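So you can see what is in the structure, the chains are spelled out below.
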Amino acid sequence: MKMTDKKLKELIAQYCNVKAEDITDGMRFREDLEFSSLDFMAFLGELEDELDMEADEEEVLKIRTVGEAASYIANIEAAV
């Protein structure tokens, strides 16, 4: 199943105090959305379940913004 931007932002919104429609690609997980390390790992686990894939931990740790997360997902989906 393809992950749409809307679906990604809805998933992110479950972990922060920002509405999905207010989340932009430039927002940073830690600084702007106030994700803790635990929040990010829980989000990642849910993302893996949603996409039925396993993320490359080294690559995931480089993700800082919502846009980078969307690009990472698009690259995974393109490779399948």
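Criteria and cut-off values
- Residues numbered from 1 in each chain as written.
- Predicted model: local features only at pLDDT ≥ 70, side-chain atom pairs only at ≥ 80, totals over all residues.
- Heavy atoms only, no water.
- Axes fitted to C-alpha atoms, helices over the stretch in contact; angles between N-to-C directions.
- Helix = DSSP H or I, 4+ residues; strand = E, 2+ residues; numbered from the N terminus.
- Left-handed = near helix turned anticlockwise from the far one by under 90°.
- Contact = heavy atoms within 4.5 Å.
- Nonpolar A, V, L, I, M, F, W, Y, C, P; charged D, E, K, R; others polar.
- Salt bridge = Lys/Arg side-chain N within 4 Å of Asp/Glu carboxyl O.
- Buried < 20%, exposed > 50% of the residue type's maximum accessible area, 1.4 Å probe, protein only.
- Core = buried A, V, L, I, M, F, W, Y, C linked by side-chain atoms within 4.5 Å.

Q: How should I be thinking about the packing of helix H1 (residues 5–13) against helix H2 (residues 37–51) in this particular structure?
A: If you want to describe how two helices pack, look at the angle between their axes and the distance between the axes. Axis separation between H1 and H2 bottoms out at 10 Å; the angle between their running directions is 145°. Seen from above, H1 lies across H2 with right-handed handedness. Two secondary-structure elements touch here, H1 through Lys7, Leu8, Leu11 and Ile12 and H2 through Phe43, Glu46, Leu47 and Glu50. When its residues are assigned to classes, the contact of H1 with H2 shows five nonpolar, no polar and three charged.

Q: Which parts of the structure should I look at to understand the pattern of salt bridges?
A: Once their charged atoms are close, side chains differing in charge can pair, the charge on each being opposite to the other. Per the counting criterion, the structure on display carries five salt bridges. When the shortest N-O distance is used, the salt bridge between aspartate 32 and arginine 28 registers 3.1 Å. A residue is classified by how much of its surface remains accessible, and aspartate 32, at 33% relative accessible area, is partly exposed. On the accessibility criterion, arginine 28 (35% relative accessible area) is partly exposed. Where lysine 62 meets glutamate 59, a salt bridge forms, and the shortest distance between an N and an O atom there is 3.4 Å. By relative accessible area, lysine 62 is classed as exposed at 53%.

Q: Sorry if this is basic, but what is going on with the nonpolar core here?
A: The nonpolar side chains of soluble globular proteins are, as a tendency, buried together. Core analysis: the biggest nonpolar cluster contains 28 residues, and Leu8, Ile12, Phe29, Leu33, Phe35, Phe43 and Leu47 have the highest contact counts within it. At the level of secondary structure, the elements contributing two or more residues to this core comprise H1, H2 and helix H4 (66–79). Take this core: its biggest share by element is six residues, from H4. Those residues in contact with isoleucine 12, other than ones at most four positions away along the chain, are Ile23, Phe29, Leu33, Phe35, Phe43 and Val66.

Q: Explain the environment of tyrosine 72 to me, please; I cannot follow it from the model alone.
A: Relative to the helices and strands, tyrosine 72 resides in helix H4. By relative accessible area, tyrosine 72 is classed as buried at 14%. Tyrosine 72 has contacts with Ala55, Asp56, Glu59, Val60 and Ile63, leaving out every residue within four places of it along the chain.

Q: Would you mind showing me how to read the side chain of lysine 9 here?
A: Relative to the assigned elements, lysine 9 resides in helix H1. Given the relative accessible area of 16%, lysine 9 is considered buried. Discounting chain neighbours no more than four positions away, the residues touching lysine 9 are Ala20, Ile23, Thr24, Asp25 and Val66.

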